[in-house]
Amino acid sequence: MSMLFSRTSLGVEINPSGVAFALLGGSAAAPRLERVAYAPLTPGCLRVSLREANILDPQSFSDTVRNAHNLLIHSGTRLSVTLPDTVGRIMMLDVEGRFKSRAEGLDIIRWKLKKNIPFDIADTHLDYQQLSMRENGDMALMVALVSRTVIVQYEELLMAAGFTPARIDFNSFNLYRAFENRLAPQDDVTLITFYDSTLSIMVFADSLLEFQRVKELSGSSGVDSRVYMEINSSLKVYHDRFPDRK
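In this text the structure is predicted, and so the values were computed from the model without any measurement. (Residues numbered from 1 in each chain as written. Predicted model: local features only at pLDDT ≥ 70, side-chain atom pairs only at ≥ 80, totals over all residues. Heavy atoms only, no water.)

A. Layout of the sheet that holds strand S9 (residues 189-195). In spatial order, the strands read S9-S10-S11; together these three strands make up an open sheet with antiparallel pairing. If you trace the sheet from one side to the other, it starts and ends with S9 and strand S11 (208-216), each paired once. Ignoring which end each strand starts from, the neighbouring axes of this sheet average 10° apart. Pairing geometry for S9 and strand S10 (residues 198-205), over seven bridges, is antiparallel. Paired with Phe194 across the strands is Leu199, a residue of S10. In this fold helix H4 (residues 171-183) packs onto S9, S10 and S11, with an angle of close to 135° to the strand it touches most, S9. Contacts between helix H5 (residues 225-241) and the sheet are confined to S9, S10 and S11, with S10 contributing the most and set at about 30° to the helix. (Pairing = 2+ DSSP bridges. Helix = DSSP H or I, 4+ residues; strand = E, 2+ residues; numbered from the N terminus. Axes fitted to C-alpha atoms, helices over the stretch in contact; angles between N-to-C directions. Contact = heavy atoms within 4.5 Å.)

As structure tokens, this is what we get:
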């Protein structure tokens, strides 16, 4: 009887090699993978870039998205979208004082990052989350940013293909959500993932994200010495910044 009230959700992963759909059923507490479908993109159709539009052949991209969706045999069009981490930037930032409003917070963050953002500050879609307050009164923030040129193209082409991109996020955060229930009971934990040649390291202290690093390692496999060295380097940076942590 409960199946009558179960809801399905539709997700899509997009990367230069292809488009993969996943249909989830069940409940939020016990999700169930119903079906998956995949269609490859033509070589050169999509190139990941921080500054420039990623999709170089819009018609081929739209056709591939529709073909992959047709293979799923599902009529839903509301999508959760996951994109490679390298389409944007994720960073940890300490800011003095408190924000009077979210709008003020965004303005202050843009001002602080204007010399470090690798694209035009006026062309930036930016969001942040306050993680904690430091002992000195500074706010510890997690900041995510992406070029509007990049993200708007994905949104517009998905809509042109007949879909509603209700949520767009980076691969590393969606991988985290897959393990979230197991990680939640632990106060101090490190999550290391290596997916599609991208290494992601998240360190949680007192159940809060305290350190995060994403590194693109094209041409590497998960057992390469390069991956091992990057993990060691990242954890050393974390230890140097927070020497009292485990």
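Additional details are given in the paragraphs that follow.
B. Just the nonpolar core, in detail. With 41 residues, the main nonpolar core has Ile14, Phe21, Phe61, Leu79 and Tyr154 as its most contacted residues. Considering each element in turn, this core owes the most residues, five residues, to helix H3 (residues 148-160). One finds Leu106, Tyr128, Val143 and Leu145 within the second-largest nonpolar core, a separate group that totals 15 residues. (Core = buried A, V, L, I, M, F, W, Y, C linked by side-chain atoms within 4.5 Å. Buried < 20%, exposed > 50% of the residue type's maximum accessible area, 1.4 Å probe, protein only.)

C. Representation of the confidence of the model for the protein chain in the model. For the protein chain, per-residue confidence averages 89 on the pLDDT scale, and residues scoring 70 or more make up 98% of the total. Contacts from residues 1-6, a stretch scored under 50 in pLDDT, to residues over four places away or in other chains number two contacts. (pLDDT = per-residue confidence, 0-100.)

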